[in-house]
Structures are given as C-alpha cells and as structure tokens.
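Here's the letter readout for the chains.
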Amino acid sequence: MRRTTVRNLFDKKPIGEDILVKGWVKSLRKSKTFCFIVLNDGSAQKDLQIIADESLAGYEDFTKCLVGSSLSIHGKLVESGGKQPIEVQASAVEILGTTPQDYPLQKKGTSMEFLREIAHLRPRTNVFGAVFRVRHELAQATHKFFTDKGFYYLNTPILTAMDAEGAGELFRVSTLDPNKLPLDKSGKVIWEKDYFGKESYLCVTGQLEAEAFACSMGSVYTFGPTFRSENSNTTRHLSEFWMIEPEVAFADLEEVAELGAEYIQFMIKHVLEKCPDEMALFNSFVEKGIIAKLEKVAATPFKRITYTEAVDILLKSNKKFEYKVEWGVDLQTEHEKFLTDEHFKGPVIVTDYPKEIKAFYMRQNEDGKTVRAMDILVPGIGEIIGGSQREERLDIIEAKIAEEGLDPDLYKWYLDLRRYGTVPHSGFGLGFERAVMYITGMSNIRDVIPFHRTPNHIDF
Ligand code: ATP
Ligand code: MN
C-alpha cells in the first residue's frame, strides 16, 4: 500500500477508506484503553489525529514514543466529532524511528535564535513548515505570473567576470593556491594564471545577461541565486539570496514600475488563496492583522513619488533621523521606513534618483542630474524591488563606462546590444526572501531561507 499525505486526506476526505500515513509525532496522549496520536507529515499545516486501541500489536512500545518520533500508521479514515473533520482509527502502528528525551523541539515555545542553531530541525515546527510552504507557493506564483504574460524563463550564469552593480560586493572565485599566488615583478597577482584566465566572481545580478535575451526574445525573467559580500549584519541582508529579474524590451520605466506592483499584488493574492492555514498561523502568531493588511495592499494602487519629492517629504517631516537627509544622499532604511510606515502607510514607488548613487547602466534624464531608476518600498521591509530603464544610447553609456573606470573590454558585448538595433528596455530585481518576509510577516531574513549565509555564518 502507498502512503497518503495528510494534505491529501484533508483535501479528499476519503471517509471509510483504508489508508497509510507516515509522519512525526507532535503529541501522544495515553488514556485507559486507547491513545491519541497527533501526527504531522509536513505536507500541510494541519495535523492528523489518530486513535489507536490498546488491543493493537506493539501498543506498549509505540505509546512510549516521544515527540519527534516517526511512525507509519495503517487505519481507516473516519469522521471526527472533534475540532478536525477527520481522524484515523488505527489498525496497525509501526515505529520508524524513536526519539530520545533530548529532542530539541519540545512542545514549549522556542526562540527564533535557538531555532537558527538547529536549522536542520526547524522545518519540523509549525511556523517554519508554514514559511517554506508559502515560499514554495511564491515561487510557483512567480513562474505563473511571468509565463502568463509571455515572458521566457532564463538561467543566467552564476560565475562571472563582471561587477554589474559596481558596488564592490563580490565574492571572488579562484582556484589559485592562496599560499602560492603567481606574482609579477611588482607583486601583483597574475590573474591570467587563474582558472578562467581573468578575475572571476559569483554573480551579484543576472541583469546584464538578461538584457541580451530581452533584446532578442522580448520579455525574459531570471530566478536564481545571487551573492553579495556586503558586510551588513541586518535583518534584511543575506550573503546568498534569490532574485527574480524581469527584463523587458521596448518598455519604459513606467511600464516596469507597474509590472513590479502587479507582480507583488499577484503573489499576495496567490498565497492568500493557496495557503489559508499558513496565513492564519502568521496572522495569529507572527504578525497580528497581516491578512487584512495584505488584502488591502493587493487591492490598492501603489503610491508613486520621485526621489526629489521623497526628500521634500522627509525634510518637511521634522523628524530626527540618524542619517541627515539632503538631496543627493541615498535613502537609508530609517528614511524608507518613514515613507512607507508613517507617511504613506503602504507600499510606495520612488523614481528618478540622483545619478551619482545609482549604477552605470541606468538611463540618464534630461535634467542631467537624475536617472530613470525606481525602487519599490514596502512597510516593515524597505526596498523589495530595485529597477531602472536601461541606457540604450551607445555614446552615453560608453562615456559612463569610461567615467566609472570599468574595464571596457569586459563590456564590449554589452555595448553591442546598443550598437546593433538598440531599443529602449527596462527591468528590475525583486529579492525573493524579502517578498517571503513581507508576505509571512517574519521579521528576520535568516528565517525565510532554508539555510542562511551571512557574515561569519556558513553552517549546514
Ligand atoms: P539594499 O539597499 O537593501 O541593500 P540594493 O539597492 O543593494 O538593496 P539591488 O541591487 O537593487 O538592491 O537588488 C535588487 C533587490 O534584491 C533589492 O530590492 C532587494 O530586494 C534584494 N537584495 C539586495 N541585496 C540583498 C541582500 N544582501 N539580501 C537579500 N536581498 C537583497
Ligand atoms: Mn545592497
């Protein structure tokens, strides 16, 4: 007989049928002539209640099983008078694996910090099971959203020689022996001797490569791992995270700003529909009122302001910020938080940032001071999307590459996209973990990725 999942049983409710379920004990309560087993197999938020009579073979043994033990249970699915609509009347219980007293996940509440130290066991908890089922649904929603709009899914390289963001947050990839580096006469490393024959890194974005495919297939999106060695120990930064990057030919900034808002709203609606049990848990135990908040966000157009307007709002707010606000500075978390949490009380799209604080590939505005960049900020998180209209004019982007001191040889192919049949095009990157945080209410990015990588942490 094949095992059925608990999800399947709650979906189909095959009352009266013989079934086989396997999972982990959440609790086991013995009364005089029978015992109650609460079993979870991770397929759903819901637990399955099992009633096992004392006449069953091995009763003395399996009723000694502690929380976290794994069991295989044959039985009949019956209607239940209790809280759940169904339960199982066991006909055979087999122990798959026992658990000693020191199982770290006992029933009582455990802190997020402690659970991070047992990241291999934490998906067995209610909260983490819910987070990772929602994460799955968000990935499915992503593919559905873009596929339905005619985008092609593209896998861009993870190993690269390009520092596309120019932010110096690269992880070096090398096979040279650090103790025997090939040095030239002036003591500089001869990178020609390294594996790829030049300096190489893990990607900080797939955008540049995605542009090549947008400028041929029209609309593409990437969904892959991204690496940044930024030394920011915050609740919103990981060294390894996942990013979704749509890139759209013939689109201007307005079009992708709208696309970004629509994408976020689509993800929210998808999860509210597919994960009601998980959302109910977040609503009660993680962020009170999150369901109503998300329903409102999904139904309300996002606010739109320019960077210059944002700076005005911040200056007029009379709030004491740690970082001083003046035209030209990058918006800090506290500034973004004021805009979303206090001023607009919802998501806001900020456009047209000063060119000095943005990347070389962003399209210059007529004013000579700003570029066609946009960030989408959401309450509690700050930036969830960063995007721009790309500079499609060859002479301007060539000058920009020279100005920033980038190696023109590396960008030759990128400039070809402007040399041969250039078109206006735009795109953005959405941090997948930030989306998971926003939609679950989880407050630390370390708790929405299976195994987190942050400065000084690469366990598991
Ligand atoms: P931030 O200012 O928050 O560091 P950024 O301006 O460096 O973000 P982009 O380069 O625009 O971000 O990257 C696009 C998106 O990727 C961001 O909007 C964010 O959602 C996500 N992101 C960027 N850096 C990280 C990180 N270290 N960990 C997780 N997500 C990130
Ligand atoms: Mn950053």
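Keep in mind that this is a model prediction, so the values were computed, not measured.

Enquirer: I'd like to hear about the sheet that holds strand S8 (residues 172-173), residue by residue, with values.
Expert: Read across the sheet, 3 strands follow the order S7-S9-S8 without closing on themselves; strand pairing throughout is antiparallel. Taken across any chain shown, the strands that pair with only one partner, and hence form the sheet edges, are strand S7 (159-160) and S8. Direction of pairing for S8 relative to strand S9 (residues 200-202): antiparallel, over a ladder of 2 bridges. Within the sheet, the bridge partner assigned to Val173 lies in S9 and is Ser200.

Enquirer: Any chance you could break down the sheet that holds strand S1 (residues 18-30) for me, citing the residues and the numbers?
Expert: Read around the closed barrel, 5 strands run S1-S2-S3-S5-S4, paired in mixed fashion. With direction set aside, neighbouring strand axes in the sheet form an average angle of 55°.

Enquirer: Give a detailed account of the nonpolar core, specifying residues and quantitative values.
Expert: Ranked by internal contacts, the top residues of the largest apolar core, which has 63 residues, are Met374, Ile384, Leu430, Tyr438 and Ile439. No other element matches helix H4 (residues 126-148), which puts 11 residues into this core. Discounting residues that sit within four places of it in the chain, Met374 has contacts with Leu253, Val256, Ala257, Ile349, Val350, Thr351, Tyr353, Ile385, Gly386, Gly387, Ser388 and Phe428. With 33 residues, the next largest nonpolar core counts Leu208, Phe338, Ile401 and Tyr411 among its residues.

Enquirer: Explain the side chain of Thr340 to me, and be specific about the residues and the numbers.
Expert: Relative to the elements of secondary structure, Thr340 occurs in helix H10 (residues 333-343). The class of Thr340 is buried, set by a relative accessible area of 1%. If near-sequence neighbours (up to four positions away) are discounted, Thr340 is found in contact with Lys345, Gly346, Val348, Leu377, Val378 and Pro379.

Enquirer: Kindly report on the state of the cysteines, identifying the contributing residues and their values.
Expert: Here the structure, examined in full by the defined rule, presents 0 disulfides. Between Cys203, a cysteine without a disulfide, and Cys215, which holds the nearest cysteine sulfur, the sulfur-to-sulfur distance is 19 Å.

Enquirer: Quick rundown of a nonpolar patch on the surface? Include the residues and the values.
Expert: On the surface, Ile158, Leu159, Tyr195 and Phe196 cluster together into a nonpolar patch covering about 410 Å² of accessible area. Positionally, Leu159 belongs in strand S7.

Enquirer: Account for the pattern of salt bridges, with residues named and values stated.
Expert: Enumeration according to the criterion identifies 26 salt bridges in this entry. Across the salt bridge formed by Asp148 and Lys144, the nearest N and O atoms sit 2.7 Å from each other. Of this pair, Asp148 and Lys144 both sit in helix H4, 4 residues apart, roughly one helical turn. Its relative accessible area of 55% is what places Asp148 among the exposed residues. For Lys144, a relative accessible area of 43% gives the class partly exposed. The residue Asp416 makes a salt bridge to Arg419 at a minimum N-O spacing of 2.7 Å. Of this pair, Asp416 and Arg419 both sit in helix H12 (residues 412-419), 3 residues apart, which is roughly one turn of the helix. A relative accessible area of 38% means that Arg419 is categorised as partly exposed. A network of salt bridges, in which partner residues are shared, links Glu254, Arg304, Asp352 and Arg372.

Enquirer: I'd like a description of the site of ligand 1, backed by residues and values.
Expert: In the vicinity of ligand 1 there are 16 residues, among which Arg228, Glu230, His237, Glu383 and Arg434 approach most closely. Measuring from an oxygen atom of ligand 1, one finds a backbone N or O atom of Gly386 at 3.5 Å. Elements with a contribution of two residues or more to the shell around ligand 1: strand S11 (240-249), strand S15 (382-389) and strand S16 (425-431). The element contributing the most residues to the shell around ligand 1 is S15, with 4 residues. Partitioning the shell around ligand 1 into residue classes produces 6 nonpolar, 4 polar and 6 charged.

About the thresholds
Starting afresh in each chain, residues are numbered from 1 along the sequence in its written order. Chain A is the first chain written and ligand 1 is the first ligand written, with later ones labelled in order. Under the rules for a predicted model, residues below a pLDDT of 70 receive no local features and side-chain atom pairs below 80 are neither given nor counted, while totals for whole chains, interfaces and linings still include all residues. The basis for every side-chain value is the complete set of non-hydrogen atoms in the structure, without hydrogens or water. For two strands to be treated as a pair, DSSP must find no fewer than two bridges joining them. Helix and strand assignments come from DSSP, with helices taken as H or I runs of at least 4 residues and strands as E runs of at least 2, each series counted from the N terminus. Orientation is described by axes fitted as lines to C-alpha atoms, over the contacting stretch for helices, and by angles from 0 to 180 degrees between their N-to-C directions. Buried Ala, Val, Leu, Ile, Met, Phe, Trp, Tyr and Cys residues form a nonpolar core when they are joined through side-chain atoms within 4.5 Å. Partly exposed describes any residue whose relative accessible area lies between the buried limit of under 20% and the exposed limit of over 50%, with all areas from a 1.4 Å probe on protein chains only and scaled to the type maximum. Any pair of residues with heavy atoms lying within 4.5 Å of one another is described as a contacting pair. Two cysteine sulfurs form what is called a disulfide whenever their separation falls within 2.5 Å. Like-charged residues within 9 Å of one another, or nonpolar side chains (Val, Leu, Ile, Met, Phe, Trp, Tyr) within 5 Å, are grouped into patches, provided each residue has over 30% relative accessible area and no salt bridge. The method behind every accessible area is Shrake-Rupley, applied with a 1.4 Å probe, and residues are considered shielded solely by the protein chains displayed. Within this document, salt bridges are pairs made up of a side-chain nitrogen of Lys or Arg and a carboxyl oxygen of Asp or Glu, the two lying within 4 Å of each other. Here a residue counts as near a molecule or strand whenever at least one of its heavy atoms sits within 4 Å of it. Pairing of N or O atoms within 3.5 Å defines a polar contact, subject to two protein rules: one partner must be a possible hydrogen donor and the other a possible acceptor, and residues neighboring in sequence count only if both atoms are side-chain atoms. Polar here means any residue outside two lists: the nonpolar Ala, Val, Leu, Ile, Met, Phe, Trp, Tyr, Cys and Pro, and the charged Asp, Glu, Lys and Arg; Gly therefore counts as polar.

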